[in-house]
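So you can see what is in the structure, the chains are spelled out below.
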Amino acid sequence: MSVVVHQIAIPNPYFEGPANAFLIQNEHSPAVLIDTGIGTEESLGLVRAELARHGCALKDIAAILLTHKHVDHCGLARALSEESGAAVYVHRDDWTDVAFFDERHEEVSQLYLEAMRRWGIPDEIILQMAHFRSRFVGLARSVPAAHRLDDGQTLRFGELAFRVLHTPGHTQGSACFLLGEKLFTGDHLLPTYTSNVGATDVTSAGHLGKFLSSLHKVLALPNVESLEVFPGHGRPWRDPRPRITKIFEHHDERTERILKILSDGGALTAFQIAQKLFGRLKDHHVLLGAGEVYAHLEGLESAGRVRQIEPHRFQIISELL
Ligand SMILES: [Zn+2]
Ligand SMILES: [Zn+2]
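Residues numbered from 1 in each chain as written. Chains lettered and ligands numbered in written order. Predicted model: local features only at pLDDT ≥ 70, side-chain atom pairs only at ≥ 80, totals over all residues.

### Considering the overall build of the chain
No. 1: Along the chain, the regular secondary structure elements total ten helices and 14 strands.
No. 2: What you see for the chain is a C-alpha radius of gyration of 20 Å, in line with the 20 Å of a compact globule of 321 residues.
No. 3: Along the first, second and third principal axes, the C-alpha set of the chain runs to 65 × 40 × 30 Å.
No. 4: Among the 321 residues that make up the chain, the fraction classed as buried is 43%.
No. 5: For the chain, contacts bridging at least 24 residues in sequence account for 67% of all contacts bridging at least 6. (Helix = DSSP H or I, 4+ residues; strand = E, 2+ residues; numbered from the N terminus. Rg over C-alpha atoms; globule rule 2.2 N^0.38 Å. Buried ≥ 20, exposed ≤ 12 C-beta atoms within 10 Å, placed from the backbone. Contact = placed C-beta atoms within 7 Å.)

### Comments concerning the domain arrangement of the chain
Many structure descriptions define interface size as the accessible area lost when the parts assemble.
No. 1: According to the domain assignment, the chain consists of domain 1 (4–102 + 138–239) and domain 2 (111–134 + 254–316).
No. 2: Here domain 1 and domain 2 have C-alpha centroids that lie 29 Å from each other.
No. 3: Counting residues at the interface gives twelve residues for domain 1 and 13 residues for domain 2.
No. 4: Looking at the side of domain 1 that touches domain 2 residue by residue, the classes come out as six nonpolar, six polar and no charged. (Domains from an automatic or database assignment. Nonpolar A, V, L, I, M, F, W, Y, C, P; charged D, E, K, R; others polar.)

### Details of the sheet that holds strand β8 (residues 160–166)
No. 1: Across the sheet, which stays open at both edges, the six strands sit in the order β7-β8-β9-β10-β11-β12 with mixed pairing between neighbours. The open sheet is flanked by β7 (154–157) and β12 (237–238), the only strands paired with a single partner.
No. 2: Two strands pair when backbone bridges link them, and strand β10 (residues 182–186) and strand β11 (residues 228–231) are joined in this way by four bridges, in the parallel orientation. Looking at β11, one finds that K182 is bridged to E228. (Pairing = 2+ DSSP bridges.)

### Quick notes on the nonpolar core
No. 1: Residues I64 and A290 are the most contacted members of the largest nonpolar core, which totals 81 residues.
No. 2: If you tally residues by element for this core, the top one is helix α10 (residues 285–302), at nine residues.
No. 3: Each of domain 1 (4–102 + 138–239) and domain 2 (111–134 + 254–316) contributes no fewer than three residues to this core.
No. 4: Dropping the residues within four chain positions of it, I64 is found in contact with L33, T36, A77, L80, S81, A86 and V88. (Core = buried A, V, L, I, M, F, W, Y, C linked by C-beta atoms within 7 Å.)

Printed below as a string of structure tokens:
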């Protein structure tokens, strides 16, 4: 069976570099699209043009598989599925935010507000962040007809068989899709930078532990060394193992640096620690930095290495005590 994968890099002028959609074609199967790019007229035009360039009409697409609920990945799911008739699939833990994106805007904004207070972000910066989030309106649309996916499930379209691998961490419902020796990873596994963990889903907790377990899940796949990885951002590459080792090292190092900062004494918020780690944070990097430090603190707290001594302030538990 010859399977052709076309990468479509879709610009995102709002908060990150281009996001990938992948068009998968096989002579005996209908076409499948993994992710869609952000929901703007420009990206819709680009996706249409790229599909046409690869000889694919919108009506040829049978399915749109979403790796997770973020607008740079699911933004066009509604528009593309309406035009093509394609069925949309997303893991059940991200389903609500995809199915009811429009309706949930206020509620999710409120969850972010509460999270930012937990992370110790000062009120004036919280206000700026609320403004940042308000720009997300319209960058995706609700897809109430989306189907819910479960871990281990296989989706078949003609000769194409995708196995669903639930990989929570970046979001609770993040999923990878395995097609033969091709692994579509969304933001779970990226080639050049580590995906944010902690700030990118505020509907649940304990993201760092989940994320690291999900990386182990990828490592445990049969023939992992020969897998070709198709990430949500950046270029595809073969063999995920060295990259995963680097990500483990990165998080170990970060944990050690956070403990070192706390060992200098005092009780600090996630935001204060993030400032010491990253210097002055601007725009949404405030959110990403503080949220990620908080995810580490949660992990350290459950490991008995730090404790919360007053709301939102953490202190190291001295080994001498
Ligand atoms: Zn994402
Ligand atoms: Zn992304």
